[in-house]
Amino acid sequence: MAREIKIIEYGIIDSTNLQARRLIEGASGAEIQPTVLLADGQTAGRGRLGRSFYSPTDTGLYASLILESPSSLDKLLSLTALAAVAASEAIEAAFGINVGIKWVNDLYYNERKIAGILAESCISGTKRYIILGIGINLSTESFPDDILLKAGSLGVTKVTAKEKRELATDLFARLLDLLDCDDTSGAMNIYRARSTVIGKRVSFLQNGTENTATALGVTDLGALTVRLDSGETLELSSGEISIFVQKEQL
Ligand code: BTN
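Definitions and limits used
- Residues numbered from 1 in each chain as written.
- Predicted model: local features only at pLDDT ≥ 70, side-chain atom pairs only at ≥ 80, totals over all residues.
- Heavy atoms only, no water.
- Axes fitted to C-alpha atoms, helices over the stretch in contact; angles between N-to-C directions.
- Helix = DSSP H or I, 4+ residues; strand = E, 2+ residues; numbered from the N terminus.
- Parallel < 35°, antiparallel > 145°, perpendicular 65-115°, else oblique.
- Contact = heavy atoms within 4.5 Å.
- Salt bridge = Lys/Arg side-chain N within 4 Å of Asp/Glu carboxyl O.
- Buried < 20%, exposed > 50% of the residue type's maximum accessible area, 1.4 Å probe, protein only.
- Pairing = 2+ DSSP bridges.
- Core = buried A, V, L, I, M, F, W, Y, C linked by side-chain atoms within 4.5 Å.
- Domains from an automatic or database assignment.

Some thoughts on the packing of helix H2 (residues 73-95) against helix H4 (residues 185-194)
When two helices pack together, their arrangement is given by the angle between the helix axes and the distance between those axes. Following both chains from N to C, one finds H2 and H4 inclined at 70°, their axes separated by 9 Å at the closest point. Relative to H4, the element H2 lies roughly perpendicular. Seen from H2, the contacting residues are Ala81, Leu82, Ala84, Val85, Ser88, Glu89 and Glu92; seen from H4, they are Ala187, Met188, Ile190, Tyr191 and Arg194.

Spelled out as structure tokens, the structure:
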């Protein structure tokens, strides 16, 4: 039987992640999860690393799932990688579009970022919750200057409110199913198959130093294994990498 997930819909709000935090803090022990918050638009969409997430009204899916924090450390560590798998599979099922995953959890289509994932934690009483927010640019056509060269959209024709609800429900149901699985190695194989990073030359900042390396693989817990130019092998568990774009041979 399909999983029951409560959905609360909003018009334009500041951020579904912020609203989720307010709901958790106001719930005072009442059962609050799993609940999905879905908004038409956001005025203060939040991104990773203190950035904002551009969330124009009606052209994207902006949603947050409230769930109790997984008791398994492994599940907690791989949560955002599993969310990227769930989102890319749900997008493919809905639109037949095959998206790539750029480590850790950005989704790419036609070499543009079309979706981002932000996991935050929130404690209320004795319980710890995760707020798992995802923003997908479905039909957004124009972007502000600071993300103009990087952001893109799936380019689908305007998606109805019902279709957005179905997409959000399917996406988060897939994630909850993965979190219930004892063995997520199959999902991580999908992650690796969708990776836009494995085998590429990358750069990243570590302790203020810029490193260049080759991305070797992604572990079952979502860490990126890289070989530095010095020959040393490292596992990156969080952060951000840039992929070198191959210059055309002259
Ligand atoms: C990123 O790309 O840095 C993560 C972006 C996450 C955006 C989503 S949109 C729904 C939810 N509410 C927010 O304020 N942020 C997340």
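We are not done yet, so read on.
Observations concerning the pattern of salt bridges
In this structure the tally under the stated criterion is 12 salt bridges. Residue arginine 165 pairs with glutamate 9 through a salt bridge whose shortest N-O separation is 3.1 Å. Taken together, the residues arginine 165 in helix H3 (residues 161-180) and glutamate 9 in strand S1 (residues 6-13) connect sequence positions 156 residues apart. Judged by relative accessible area, which is 43%, glutamate 9 ranks as partly exposed. The salt bridge partner of aspartate 14 is arginine 22, with a shortest N-O separation of 2.9 Å. Classification of aspartate 14 by relative accessible area gives partly exposed; the value is 23%. Salt bridges sharing common partners tie together Glu89, Glu92 and Arg194.

Points about the sheet that holds strand S8 (residues 201-206)
Sheet strands pair by backbone hydrogen bonding; their relative direction is either parallel or antiparallel. The strand order across the open sheet built from five strands is S11-S10-S9-S8-S12, with neighbouring strands paired in antiparallel fashion. Taken across any chain shown, the strands that pair with only one partner, and hence form the sheet edges, are strand S11 (233-236) and strand S12 (241-243). Averaged over all pairs of adjacent strands, the angle between their axes in this sheet comes to 40°, without regard to strand direction. Pairing of strand S9 (residues 209-218) with strand S10 (residues 224-228) involves five bridges; the strand directions are antiparallel. Directly across from glycine 217, in S10, lies its bridge partner threonine 225.

Overview of the nonpolar core
Ranked by internal contacts, the top residues of the largest apolar core, which has 58 residues, are Ile136, Phe172 and Leu175. Among the elements that make up this core, the one with the highest residue count is H2 (10 residues). Residues lining this core come from more than one domain, with at least three contributed by each of domain 1 (6-194) and domain 2 (201-245). If we ignore the near neighbours within four places in the chain, the residues touching leucine 175 are Leu65, Leu79, Leu82, Ala83, Ala86 and Leu132. If you look at the next biggest cluster of nonpolar residues, it comprises 12 residues, including Ile13, Ile32, Leu37 and Cys122.

Digging into the pairing of strand S3 (residues 60-68)
Within S3, eight of the nine residues are buried, which leaves it mostly tucked inside the rest of the structure. Bridge analysis of strand S2 (residues 35-42) against S3 gives five bridges, and the strand direction is antiparallel. Within S3, the residue paired with threonine 35 across the bridge is isoleucine 66. Where S3 meets strand S7 (residues 127-137), nine bridges bridge the pair, whose relative direction is antiparallel. Along S7, the bridge assignment pairs leucine 61 with isoleucine 136.

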